Amino acid sequence: MGGISGVYLHNKECFDTLIQLTFHLQHRGAESAAIDTSAAVAKEKIRPDEVKKGFSEEDRNHFKGKYGVGSVSGGTAEFVNLYSSMGEFSIVFDGQINSRGLKKELMSSGESFSTRQDAEVLGRLISKGDDIVDGIKKMNERVKGSYSLGILNNDGLYLTRDPYGIPPLVVGKKEGGYAFASESPSLTELDFEDFRDVKPGEILKINEDGIKQVGMNESERHAHCAFEWGYTSRPDSIIEGIEVMQVRRRAGKHLAVNDDLEADRVGSVPMSGRGYTEGYQEESGLPQQSYFYLNRWSGRSYIPKDSEIREQKASEKLSPIQGSIRDKRLVVVDDSIVRGNQMLRLRNVLKGKGAKEVHARIGCPPLRAPCPYTSTTKKYSDLIFNRSNGNIEEIARELNLNSLKYNKIDDFVKAIGLPKEELCLGCFMDEYPT
Ligand code: SF4
């Protein structure tokens, strides 16, 4: 999982704005970050750290220029700088593509690669075009999967989104410049208030003349990632005109409407469980309380690939608030259950602090299939739903919960508010749009 950003400023160097834009995407990946600017003199552009740790004051002297692109990732930031017949260009990328097959094909026709980045595969394909726009179109004919990408070259910035519109991408303007980012808070936090979604397949160019559509890769079917509203995106993100927090609230209400549970209070698993909890509370009338203190210095628990580090991160992230827990029948609301490790650990902590009962309510429908479009869950066997043969009562038993309920797919879709045919629901339905 990752995120991308880009900016052009009329009258000043873009470094500070670019760092801020990219920093606001950090929840999409905090293992590494990359930036490049139109007059950069720094050779090393990918840094193995969070944005604000990876890039320092000194970098301001290296990353000169009014144009810039940025990238964050839970692995190695997807960034590459290439020289080609159409000149030098840099690419930032978020998504998941059929890179192994494409790489093989390209190598058999004499191409060689200097990095392991999928961004390089995309760059090599684009460089086969007559110009950047033609190259993006040619690339799109061969690539399967999902992508949002930004390109910096001598003409300015180019950006595009796969024709299904799977990962989000927004573009905005303000007095003094233009910017794009995987999520809208990057823009609004920096006063790029006038923003819109990049249309699926749309190719945009940004330079001193403004934002202009320069191409389109059409598709009859759109498939916006539903998990962006369910978990991935920030609650204050607006995707396809729909605010993530409102979706989570509506989904929480659906959970409560379908529930006849007797309990004493409801609380969330911070932070992405919060919106669902508010909706559940509003509909059920149960008092809402915080069960956990969130250590905001910890990253998201499922991003690290190493399971030991994931576990360690999960346990350092949340600590219990005893007075909310003891002798109470608790409803705990979370966004989703992937492997079940976090829910089991939290249940044990709550029980250990004296909770009488622990009932889990999950805002998303059960995750039953891997995602081919992001680097989140890879295998069917990773998912607790499959380990329990799709039996929810069995999952509740495995997690020692008094009860467990998930949102139904139709209620979740209703909460998003787009037609089902406009969404990717692959990891919930095991059916994919591409
Ligand atoms: S499979 Fe799931 S996580 Fe992947 S794009 Fe589709 S909805 Fe999103």
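All values derive from a computational prediction rather than experimental measurement. (Residues numbered from 1 in each chain as written. Predicted model: local features only at pLDDT ≥ 70, side-chain atom pairs only at ≥ 80, totals over all residues. Heavy atoms only, no water.)

## What to know about the packing of aromatic side chains
Right, so step 1: This model, assessed by the stated rule, comprises 9 aromatic pairs.
Right, so step 2: Measuring from ring centre to ring centre gives 6.2 Å for Y373 and Y432, while their planes differ by 75°; the resulting arrangement is edge-to-face. Of this pair, Y373 sits in the loop between β21 (357-362) and α12 (384-387) while Y432 sits in the segment after α15 (426-429), and the two are 59 residues apart along the sequence.
Right, so step 3: Of note, K52 hangs over the ring of F23, and the distance from its end group to the ring centre comes to 3.9 Å. (Phe/Tyr/Trp six-rings, centres within 6.5 Å; stacked < 30°, edge-to-face > 60°. Helix = DSSP H or I, 4+ residues; strand = E, 2+ residues; numbered from the N terminus. Lys NZ or Arg CZ within 6 Å of the ring centre and 35° of its normal.)

## Topic: the UniProt feature "binding site: [4Fe-4S] cluster" (unreviewed entry) in the protein chain
Right, so step 1: The positions that UniProt labels "binding site: [4Fe-4S] cluster" (unreviewed entry) are, in the present scheme, C225, C371, C424 and C427. Spatial clustering of the annotated residues is evident: they stretch over 203 residues in sequence, but the largest pairwise C-alpha distance comes to 10.1 Å.
Right, so step 2: Residue position: C371 is located in the loop between β21 and α12.
Right, so step 3: On the accessibility criterion, C371 (17% relative accessible area) is buried. (UniProt positions renumbered as here; feature names shortened; annotations may be inferred. Buried < 20%, exposed > 50% of the residue type's maximum accessible area, 1.4 Å probe, protein only.)

## With respect to the side chain of S99
Right, so step 1: Mapped onto the secondary structure, S99 falls in helix α3 (residues 99-108).
Right, so step 2: The contact partners of S99, leaving out residues within four places of it in the chain, are D118 and V121. (Contact = heavy atoms within 4.5 Å.)

## Notes on the nonpolar core
Right, so step 1: Judged by nonpolar contacts, the single largest core of 38 residues is most densely connected at W229, I416 and F428.
Right, so step 2: Secondary-structure elements contributing two or more residues to this core are α7 (226-232), α8 (244-257), α9 (274-284), β20 (329-334), α14 (409-416), β23 (423-424) and α15.
Right, so step 3: Among all residues touching I416, those that are not within four sequence positions of it are A226, W229, I242, V247, R250 and L423.
Right, so step 4: Among the nonpolar cores identified, the runner-up in size contains 25 residues, and I91, L102, F113 and I203 belong to it. (Core = buried A, V, L, I, M, F, W, Y, C linked by side-chain atoms within 4.5 Å.)

## Some thoughts on the environment of M271
Right, so step 1: Assignment of secondary structure puts M271 in the loop between β17 (265-268) and α9.
Right, so step 2: Taking the C-alpha atoms as reference, M271 lies 11 Å from H27; in sequence the two are 244 residues apart.

## Some points on the pattern of salt bridges
Oppositely charged side chains can pair when the atoms bearing their charge come close.
Right, so step 1: Overall, the coordinates contain 26 salt bridges when judged by the stated rule.
Right, so step 2: Notably, a salt bridge pairs R329 with D264, separated by 3.0 Å at the nearest N-O pair. On the criterion of sequence distance, the pair formed by R329 in strand β20 and D264 in the loop between α8 and β17 is long-range, its members being 65 residues apart.
Right, so step 3: D264 gets classed as partly exposed once you look at its relative accessible area, which sits at 24%.
Right, so step 4: Through salt bridges with shared partners, a single network forms among R28, D94, E183 and E228. (Salt bridge = Lys/Arg side-chain N within 4 Å of Asp/Glu carboxyl O.)

## Considerations on the site of the ligand
Right, so step 1: In the neighbourhood of the ligand, the contacting residues comprise I166, C225, A226, F227, C371, Y373, C424, G426 and C427.
Right, so step 2: Those elements that place two or more of their residues in the shell around the ligand are α7 and α15.
Right, so step 3: In terms of residue class, the shell around the ligand is built from 8 nonpolar, 1 polar and no charged. (Near = heavy atom within 4 Å. Nonpolar A, V, L, I, M, F, W, Y, C, P; charged D, E, K, R; others polar.)

## As for helix α5 (residues 132-142)
Right, so step 1: Residues I132, V133, D134, G135, I136, M139 and N140 constitute the buried set of α5.
Right, so step 2: Next to the buried residues of α5 lie β6 (87-97), α4 (118-126), β7 (145-153), β8 (156-161), β12 (202-207) and β13 (210-216).
Right, so step 3: For α5, the side-chain oxygen to backbone nitrogen distance between the N-cap and V133 is 3.2 Å, and the N-cap itself is D131. (Polar contact = N/O pair within 3.5 Å; in protein donor to acceptor, adjacent residues only side chain to side chain.)

## So, the sheet that holds β20
Right, so step 1: In space, the 4 strands of this open sheet follow the order β17-β20-β21-β22, with parallel pairing throughout. Only two strands of the sheet have a single neighbouring strand rather than two, namely β17 and β22 (403-406). Here the average twist between neighbouring strands, direction ignored, is 20°.
Right, so step 2: Bridge count for β20 against β21 is 6 bridges, and the pairing is parallel. Directly across from R329, in β21, lies its bridge partner E357.
Right, so step 3: Sheet strands touched by helix α11 (residues 341-352): β20 and β21. Its angle to β21, the strand with the most contacts, is close to 150°. (Pairing = 2+ DSSP bridges. Axes fitted to C-alpha atoms, helices over the stretch in contact; angles between N-to-C directions.)

## With respect to unusual backbone geometry
Right, so step 1: A positive phi is found at D191, a non-glycine position, where the angle reads about 65°.
Right, so step 2: Assignment of secondary structure puts D191 in the loop between α6 (184-188) and β11 (194-197).

## Observations concerning the side chain of N407
Right, so step 1: Note that N407 resides in the loop between β22 and α14.
Right, so step 2: On the basis of relative accessibility, which here comes to 3%, the residue N407 falls in the buried class.
Right, so step 3: Only 2.9 Å separates the side chain of N407 from the backbone oxygen of A251, close enough to count as a polar contact.
Right, so step 4: Side-chain polar atoms of N407 contact the backbone oxygen of G363, separated by 2.9 Å.
Right, so step 5: The residues contacting N407, other than those within four sequence positions of it, are A251, H254, L255, I362, G363, C364, P365 and P366.

## Observations concerning the packing of α3 against α4
Right, so step 1: At a minimum axis distance of 10 Å, the contact between α3 and α4 shows a crossing angle of 50°. With respect to α4, the axis of α3 lies oblique. The way α3 lies across α4 gives a crossing that is left-handed. Note on element contacts: α4 touches α3 through D118, V121, R124 and L125, opposite S99, L102, K103 and L106. (Parallel < 35°, antiparallel > 145°, perpendicular 65-115°, else oblique. Left-handed = near helix turned anticlockwise from the far one by under 90°.)

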